Amino acid sequence: GAGVSQSPSNKVTEKGKDVELRCDPISGHTALYWYRQSLGQGLEFLIYFQGNSAPDKSGLPSDRFSAERTGGSVSTLTIQRTQQEDSAVYLCASSYRDGNQPQHFGDGTRLSIL
Amino acid sequence: GQQLNQSPQSMFIQEGEDVSMNCTSSSIFNTWLWYKQDPGEGPVLLIALYKAGELTSNGRLTAQFGITRKDSFLNISASIPSDVGIYFCAGYLRGTSGSRLTFGEGTQLTVNP
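Residues numbered from 1 in each chain as written. Chains lettered and ligands numbered in written order. Predicted model: local features only at pLDDT ≥ 70, side-chain atom pairs only at ≥ 80, totals over all residues. Heavy atoms only, no water.

### Structural notes on the interface of chain B and chain A
Phase 1: Listed as interface residues are 22 residues of chain B and, on the opposing side, 22 residues of chain A.
Phase 2: Inspection of the region where chain B meets chain A yields zero salt bridges.
Phase 3: Where chain B meets chain A, there are six residue pairs in polar contact (both at pLDDT 80 or more).
Phase 4: Elements represented by at least two residues in the side of chain B that touches chain A include exactly β4 (29–37), β5 (44–49) and β9 (85–93) of chain B.
Phase 5: Sort the elements by how many residues they give to the side of chain B that touches chain A and β4(B) lands first, with five residues.
Phase 6: Among the residues making up the side of chain B that touches chain A, the classes are represented as ten nonpolar, nine polar and three charged. (Contact = heavy atoms within 4.5 Å. Salt bridge = Lys/Arg side-chain N within 4 Å of Asp/Glu carboxyl O. Polar contact = N/O pair within 3.5 Å; in protein donor to acceptor, adjacent residues only side chain to side chain. Helix = DSSP H or I, 4+ residues; strand = E, 2+ residues; numbered from the N terminus. Nonpolar A, V, L, I, M, F, W, Y, C, P; charged D, E, K, R; others polar.)

### A look at the packing of aromatic side chains
Phase 1: A complete count under the given rule lists eleven aromatic pairs over all chains for this structure.
Phase 2: Every member of this aromatic cluster is reached through a ring pair, and the members are Y33(A), Y35(A), F45(A), Y48(A), F105(A), Y35(B), F88(B) and F103(B). (Phe/Tyr/Trp six-rings, centres within 6.5 Å; stacked < 30°, edge-to-face > 60°.)

### Some points on the layout of surface pockets
Phase 1: Within this model, the largest pocket holds a volume of roughly 450 Å³.
Phase 2: Sorting the residues of the lining of the largest pocket by element identifies β8 (88–95) and β10 (109–113) of chain A together with β9 of chain B as the ones contributing at least two each.
Phase 3: The element contributing the most residues to the lining of the largest pocket is β10(A), with three residues. (1 Å grid on protein atoms, 1.4 Å probe; cavity = no way out; pocket = protein on both sides within 12 Å on 5 of 7 lines; lining within 4 Å. Points joined across faces, edges and corners; volume = space filled by probe spheres on them.)

### Focus: the sheet that holds strand β7 (residues 61–65) of chain B
All names here are of chain B.
Phase 1: Spatially, β1-β3-β8-β7-β6 is the arrangement adopted by the five strands of the open sheet, whose pairing is antiparallel. Both edges of this open sheet fall to β1 (5–7) and β6 (55–58), since each of them pairs with a single strand only. Recorded for the sheet is a direction-independent mean angle of 15° between the axes of neighbouring strands. (Pairing = 2+ DSSP bridges. Axes fitted to C-alpha atoms, helices over the stretch in contact; angles between N-to-C directions.)

### With respect to the pairing of strand β6 (residues 65–69) of chain A
Residue and element names in this part refer to chain A.
Phase 1: Burial along β6 is one-sided: the face carrying F65, A67 and R69 is buried and the face carrying S66 and E68 is not.
Phase 2: Two elements, β6 and strand β7 (residues 75–79), share five bridges in a ladder whose sense is antiparallel. Across the sheet, A67 pairs through a bridge with L77, a residue of β7.
Phase 3: Connecting the antiparallel pair β6 and β7 is a turn made up of five residues, with G71 showing a positive phi of about 65°. (Buried < 20%, exposed > 50% of the residue type's maximum accessible area, 1.4 Å probe, protein only.)

Below is the structure:
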C-alpha cells in the first residue's frame, strides 16, 4: 500500500527483554516521527527525523529508548530492558518534508510487557 | 506539560445530531490538524488549517483556525454511526514547525442509531 507501514502490529514480551519496532514511511516523505499512545491518552512525541539532519530526540523518556533511520527511509525504534510502563501503542508518522506539513500515521505497534 | 485542552472528553449523541468539539491553548499555534482514530488503527487526518481565521470543510465536517491562533473547533453535521471514534486536535506550536505535533487528549464520540 501507499501508507505508513509498521511492524509488528502486536508484540508481547517479558520484562527486561529488548524490542525493536519498525516503520516504513510513505515513499517520498523525508520527515519521520515516533509517538507513544498509552491507553485512553493522546499521543506523546518521542523522536523526529528530517533528512540528514540530526534527529530531535528530546521526547525520548529514558536512555533505554533509541531510534535509527537508515538511508533516509526505514526507521527502527529500540527499547532496551523493557519495563511494564513501556506498554503502549507506538505510532509512526511521516510527512512530506517539514514546515507545518500534516503527518500521516501508521496503525501502530501494540506493545505489551508482561 | 499539556499545552492543548480538548473538550469535551466524551460525547453521546443520537444519529442525525450535530456535534461540536474544540481545543484551546495558552500558546500560539502555526497549524491546526484534526484527526480521527478508530480502534486498533492510527489517527487519520480529517482537516488541516494553516491560517488564522481559516474555515475549512470536508463533507459533513467543518473546522476553523481561531483568530487568536490559540484555539480551533471541529463541527460534524448530521452525525451517522460511522462517525464513532476518537477525535484529536493537534498543532504545531510556533517555533516547533516541522517537528513535534502537540496533541489534545481526544474526544470520544458515541453515536446511537
